[in-house]
Each structure stands twice: as C-alpha cells, then as structure tokens.
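Observations on the model geometry
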Amino acid sequence: MKVSIVRGGGVAGLVTVTTVDSASLAPDDEAELRARVERAGLAGAPERREGTGERPDRFDYELTVEDGGHMLTTRAREGDLSGALRALISYVTSLPGRQEQVGPPG
Amino acid sequence: MTTFDRMPPCCIAPPDLLEAVAEHGTPTERESALRTLATSESARAQRASFGGVLRQLGLTVSDVEPAPGMVRTVYDVENGGDFDLPGRKRRGEGEQPSGDAAVDEAYDGAGLTYDFYRRVFERDSIDGRGLEIVSSVHYGTDYDNAAWIGFQMIYGDGSGQIFTKGSLTKAVDIVAHELTHGITQFTAHLLYSKQPGALNESFSDVFGSLAKQYSRGQTAERADWLIGEGILGSALRGTALRSMKAPGTAWSTPAGGRDRQPGHMRDYVDLPDDGDPSNDHGGVHINSGIPNHAFYLAATAIGGNAWERAGRVWYVTLTERLRPRSDFQEAAEATVEVAGELFGADGDEQRKVRAAWQQVGVL
C-alpha cells in the first residue's frame, strides 16, 4: 500500500509531498497505517471545487492511496478535515519511513 | 455544514438556543443573543459556529463588537484543532506577560500591528472599528503555519522543517501579513484565486514588510524587503520565504526545488485554480512577486520611510478602491490614480508609482 499526501498553501505557499510505502514499514506500523486508511474512508473521486473560498494561508490536501492495483484520491481543506483524515495525515507525516519533498507550486 | 468531533462545553444558555433567538427573536432579543454569543467565554469556544450564524444573518463579528480601541486576547489551544478554538485564555488586554513565549509574542505582535495601522493609517483594528484581536497559539502539533481564519489568528509551534520551532509568533512580518488578510477581508475582499488572489497575498506581504520596517525605524533603502527572514527550517536553504526586492531568490531545497516567484509579467505562472493543492489557487503565492516588486520599486524610487507615501497609496487602494475580482491592471491603475489624488497630479509620487508598474510589465 502506498499513501501519498500533497499539501499546498500556508503562509509559505510551498507544496510538500509526503509518500509512504507500507512495504518499507515494520509490521506494527503497516497495520496502523492500514487501520487509519480504513477509518478515513476515502471517497472514490477527487472533489472538484471552483471558487476555493476565503481561506488565505490555510493548507489544502490531496491524499492518494494505492493498494493492490486500486487507487483512491480525495481532497480536503484544513479546517474541514474529519478526525479520521486528520489522524491519517498526522500519522503519515510523522512516520520515520516516509519520503518528503518540498517545492514551489506548479 | 461542519460537524464537531466532540461537543464543546455548554454555557448557561446553550449556543443553539442563543442561535435560535438570534435568528427568530425580536430585534432586541436578537441583539441580546448576539451579544451573549459574542461575549460569553465558553461561547467563544464556538466562534466557528458563531461565524456561521453571523453569515446566515448577513452580519460580521464587527456588527456585534463595536467598541473602539485595542483589545487583544491570547489563548492556548494546547495542540488542538479548529474545533478546540479558541482554547484556554492566557492573556487579556493590559494583563501581565504569561511566561509562555508564544502567548506573549502573539500578544506583542498583535499590538505592534495594531499600533502600526492606528498610527500610520488611523485604522482601528482589523475591521476599522476596534475588533478584538483574538490569537490562539500552540495550534496543532508541529504546525508549520500561522493564519487568520476569518475571525481570529492561529499560530503553530513550527516543526523545525519549514519553520524553526517557536519562530512564527516572533516574526513581525508574518503576524502583520496574516492580520492584513483580515483587513482585506473587511475591505477589498480580493478573491483568493489567480490575479485577485495574488494581489491579496501581495498586500499582506507589503503591509507585513511595512510593519516590520516601521517597528525597526527603517527607510526603504535600509529595509531588507524579505518576508519570513531568519525563520526557515532545515528543509529549506536560503534567507527567507519571499523577496520583494529580488523575487525568485529567497529559498531553495537540497533536492533542487526553489523559489519561482516572477518579478515581471513575462514570467507570470498561469496555474489553474482547480482545487489541486499543488496549483496554489492559481499561483497566489507565486505571482504575488509581481505586485510585490512593483511596490518595492515605487517605495525605493520615492525614498524615505516606505509606509509614508508608497504605503499610503497602497493602503487607500486596498481599503477604498479595489473589489473582489480586481486584477493586476486594475490595481496598478488605482494606485496611479490614488497617488495623484494624495500627492498631486503628475507629481513625483504618481510618476514613480506608474514607472514601477511599467517596470514589472503590468502597465
């Protein structure tokens, strides 16, 4: 299972991409990751939004989960995150086995 | 409509009762309910839903809190999120330092920004009517951000990656940048998308930089014209988040990422506003480099303290001329017009403001 989180926005206006491959994780961490992905209940298609609303300098997220040939993507705004999504994001972004890349938008 | 992860604490009259009275009561009952919602301390924990009620009634927080003068309140949200706001009250206006550096720095930063706007532009707080400046510190865990979320400030502690720990409340330009988003919200209300969004970002950088220059007593020549200088974490190399003097030079990463802000319209980055976080609402933090550079050029050409003339032109433009969908061209033309009105038609200031926009390819 691969989980990828793209985070944009914030006062810095940077794009941070965090990816985790469960194959590189210890069994306990992999189990925890799968459990959190399950609880997050990702929708099947990315939400398309016109007029992204008045939230200057808050974060925007896009999460992609790839598992056994299936791919699920969802988008969410900081401030709108469900507890389960927030828990998944905070877990992935603090896993020691994660890859992280920071860059400009575009 | 948002849902709550856990129920917030109740007050004597629970918020939903107050909301019902606010919506369906007589005018006197409405006013009383709105004031109770606004002032009761436990109801403060529900400013998110309070904001929603106000929006439904076509009001803003300033309609129920019209007391002039600076009022700051700082809370500790204890690593909570939106639904825990504002948190535990740590310092009210006029109270002694709390001993928590984030609390006291947020308090001071709000005061410095308030004083800057009051003394330089005679503006009484974010809404121009003495709106209480509420700040919550220790938001989230290792949260690499600070933001004005429509009715209050939030500050993270920083993770050490994007920002050094504890730095977000210390950086005057970051504090003033965020509070200026609040001012824009109450005035031009520039849409956070594409060119209007880049203008929104730019006005926040302009007044963020001016507040820093004012606090240091620096002229335009002396200023560093950097946003977020000295607070970058280990993931970034360089001096700052953005440079108004030299857009595109502020930061880079070991993997080869770098600041790609343009300083001229020929390098405008035309990203879509499609909800993809990597497109930054159509590049609002990227293309802000162009109006930022125009302000830098105008201010340094005019000389002296940048907040006095160039700053005043930009302030009047933001608060009295622009509209939610104003683009770069409209903003440029407005600044030229305002410069003529404030300092004389065909005067030095007007010519230099026009020249600045010509130099960045907008006019």
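What you see is a predicted model, and the numbers here were worked out from it, not measured in a lab.

We now examine the domain arrangement of chain B. Residue and element names in this part refer to chain B. Split by domain assignment, chain B resolves into domain 1 (72-170) and domain 2 (194-359). Computed over C-alpha atoms only, the centres of domain 1 and domain 2 are separated by 24 Å. Between domain 1 and domain 2, the residue contacts involve 13 residues of the former and 12 residues of the latter. Of the residues that constitute the side of domain 1 that touches domain 2, the class distribution is six nonpolar, seven polar and no charged.

In a pair of packed helices, the angle between the axes and the distance between the axes together describe the arrangement. All names here are of chain B. The interhelical angle for the contact between helix α8 (residues 289-302) and helix α11 (residues 348-359), taken along N-to-C directions, is 145°, at an axis separation of 8 Å. Considering only the axes of α8 and α11, their crossing is right-handed. Taking contact as the criterion, the partners of Ala294, Leu297, Ala298, Ala301 and Ile302 in α8 are, on α11, Glu349, Lys352, Val353, Ala355, Ala356, Trp357 and Gln359. Here the residues of the contact of α8 with α11 are counted per class, giving nine nonpolar, one polar and two charged.

Quick look at the sheet that holds strand β3 (residues 133-137) of chain B now. Residue and element names in this part refer to chain B. Spatially, the five strands line up as an open sheet ordered β2-β1-β3-β5-β4, and their pairing is mixed. Of all strands in the sheet, those with a lone pairing partner are β2 (88-92) and β4 (146-148), marking the two edges. On average, adjacent strands in this sheet sit at an angle of 20° to one another, irrespective of strand direction. For strand β1 (residues 72-76) and β3, the ladder comprises five bridges, and the chain directions are parallel. Paired with Arg72 across the strands is Ile133, a residue of β3. Sheet strands in contact with helix α5 (residues 172-186) are β4 and β5 (153-155), and its direction is about 25° off that of β4.

How each quantity is defined
Residues numbered from 1 in each chain as written. Chains lettered and ligands numbered in written order. Predicted model: local features only at pLDDT ≥ 70, side-chain atom pairs only at ≥ 80, totals over all residues. Domains from an automatic or database assignment. Contact = placed C-beta atoms within 7 Å. Nonpolar A, V, L, I, M, F, W, Y, C, P; charged D, E, K, R; others polar. Axes fitted to C-alpha atoms, helices over the stretch in contact; angles between N-to-C directions. Helix = DSSP H or I, 4+ residues; strand = E, 2+ residues; numbered from the N terminus. Left-handed = near helix turned anticlockwise from the far one by under 90°. Pairing = 2+ DSSP bridges.

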